[in-house]
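Survey of secondary and tertiary structure
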Amino acid sequence: MSSHAAGTSNGGSVDAAAGGAARRNTRMPKYSKFTQQELPACKPILTPKWVVSVFFIVGVIFVPIGVVSLLAARDVVEIIDRYDEACVPGNMTDNKLAYIQNETISKECIRNLTVTKDMKQPIFVYYELDNFYQNHRRYVKSRNDAQLRDKRKANQTSACEPEKTTANGQPIVPCGLIAWSLFNDTYSFTRGKENLTVDKKDISWKSDREHKFGKDVYPSNFQNGALKGGATLDPTVPLSEQEDLIVWMRTAALPTFRKLYGRIYFDLKENDTITVRLSNNYNTYSFGGKKKLVLSTATWLGGRNDFLGFAYLIVGGLCIFLAFAFTLLYFIKPRKLGDHNYLSWNRHPAGR
């Protein structure tokens with residue numbers, strides 16, 4: 001009994017000594033207001049006056065911005081011409097797909113546009129497609145960005161199905177469905193006997209030209225298959241200078257979209273007649289799509305877009321309405337700030 005007690009006593013002494021040493025070796029954390037969450041803080045109380053004032057100020061700011069945005073959008077002059085149906089020969093209106101697929105039938109078409117208001121240069125030329133889903137998951141993924149940037153990675157065609165290689169296994173550059181379906185309608189413009197040249201320089205994003213498409217990457221084996229999807233590319237021009245391709249490869253989020261074709265650096269006067277000679281090559285008939293040619297000016301806010309102006313007006317108007325509603329409620333049924341009687345546990349149940 002005595003030896004067991006002595007052993008227990010010695011063991012307890014050793015444990016106590018070890019615990020004391022551990023406590024001595026443990027460093028207390030350095031005191032700071034940050035670690036102790038004692039920094040000064042602002043805890044605003046949303047009084048009725050503050051809420052009404054904020055709503056009213058936001059409304060007063062937003063409504064004028066909305067009015068200015070709408071006025072700027074209304075200054076934009078647009079000419080929109082849908083030509084996909086108008087350019088089909090009269091004897092083939094019932095079989096448009098056969099018309100577009102028959103290479104022996106001329107696709108040349110002439111359209112006359114009338115300028116409704118004076119248009120100051122530069123005049124932006126867009127093509128607009130409808131019911132074309134560039135945001136489809138398989139379509140968006142059908143490309144290889146590494147191949148577009150670096151000529152040493154020309155053989156990288158992963159994710160480019162079904163347009164990745166030719167029939168004999170040669171890699172296609174650029175590969176994928178997006179490049180394969182490149183828009184290939186062309187436009188030229190004249191006013192009387194005056195040729196209105198379309199400037200196609202810098203129509204793409206600078207960041208895309210410099211970082212996404214290589215200066216030493218050239219098209220190869222492109223549109224060499226049995227089925228051609230769209231335009232062909234000049235094999236002697238690097239991808240960084242193929243701006244129509246760069247514009248097309250930036251896929252749209254919605255099924256109706258516009259893409260920049262070029263700019264016209266001529267002033268157009270009201271009632272001028274613009275003759276458009278176009279090649280109606282792109283097949284939108286197989287999926288019920290529409291094609292439009294758009295001539296548009298721009299303001300400091302960009303092209304015509306009423307959404308931004310209406311959004312500011314609606315939000316600003318709603319804020320002003322809420323400001324007056326809260327003010328009216330405050331005067332009709334005021335309540336003391338911080339009144340504990342409004343707490344749920346301090347309310348007396350009905351009938352008691």
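Calculation rules
Residues numbered from 1 in each chain as written. Predicted model: local features only at pLDDT ≥ 70, side-chain atom pairs only at ≥ 80, totals over all residues. Heavy atoms only, no water. Helix = DSSP H or I, 4+ residues; strand = E, 2+ residues; numbered from the N terminus. Expected span 1.5 Å × (residues − 1). Buried < 20%, exposed > 50% of the residue type's maximum accessible area, 1.4 Å probe, protein only. Contact = heavy atoms within 4.5 Å. Polar contact = N/O pair within 3.5 Å; in protein donor to acceptor, adjacent residues only side chain to side chain. Pairing = 2+ DSSP bridges. Disulfide = S-S within 2.5 Å. UniProt positions renumbered as here; feature names shortened; annotations may be inferred. Axes fitted to C-alpha atoms, helices over the stretch in contact; angles between N-to-C directions.

1. Focus on helix H9 (residues 306-332)
Two residues of an α-helix separated by three or four positions point the same way, owing to the 3.6 residues in each turn. The first and last C-alpha atoms of H9 sit 39 Å apart over 27 residues, in line with the 39 Å expected at 1.5 Å per residue. Buried residues of H9: Gly-309, Gly-316, Cys-319 and Ala-323, and no others. Among the structural elements, helix H2 (48-74) are those in contact with the buried residues of H9. For H9, the capping residue at the N-terminal end is Asn-305, with a side-chain oxygen 3.1 Å from the backbone nitrogen of Phe-307.

2. What about the sheet that holds strand E1 (residues 78-82)?
On the basis of which strands lie adjacent, the open sheet formed by 5 strands has the order E1-E9-E3-E7-E6 and antiparallel pairing. The sheet is open, and its two edges are formed by E1 and strand E6 (198-199), each paired on a single side. Bridge count between E6 and strand E7 (residues 257-264): 2 bridges; the pairing is antiparallel. Within the sheet, the bridge partner assigned to Val-198 lies in E7 and is Ile-264.

3. Side note on the state of the cysteines
What the rule picks out here adds up to 2 disulfides. There is a disulfide in this structure between Cys-87 and Cys-109, and the S-S distance comes to 2.1 Å. With the S-S dihedral at roughly -80°, the linkage between Cys-87 and Cys-109 falls on the left-handed side. Of the two residues, Cys-87 is situated in the loop between E1 and helix H3 (96-101) and Cys-109 in strand E2 (residues 108-114); the sequence distance between them amounts to 22 residues. You'll find Cys-87 and Cys-109 in the same group, each marked buried. Sequential numbering of the bridged cysteines in the protein chain gives the disulfide pattern 1-2, 3-4.

4. Concerning the UniProt feature "transmembrane region" (unreviewed entry) in the protein chain
Under the UniProt annotation, "transmembrane region" (unreviewed entry) lies at residues 50-73 and 310-332. Here residues 50-73 runs as 100% helix and 0% strand, with 35 Å between its end C-alpha atoms. Structurally, residues 310-332 comprises 100% helix and 0% strand, and the distance from its first C-alpha atom to its last is 32 Å.

5. What about the sheet that holds strand E8 (residues 273-279)?
For sheets, the rule is that strands pair by backbone hydrogen bonds, running either parallel or antiparallel. Spatially, the 4 strands line up as an open sheet ordered E2-E8-E4-E5, and their pairing is antiparallel. In this open sheet, the two strands that pair with only one neighbour each are E2 and strand E5 (194-196). The sheet shows a mean angle of 30° between the axes of neighbouring strands, taken without regard to direction. Pairing between E2 and E8: 7 bridges, direction antiparallel. Residue pairing in the sheet places Glu-108 in a bridge with Ser-279 of E8.

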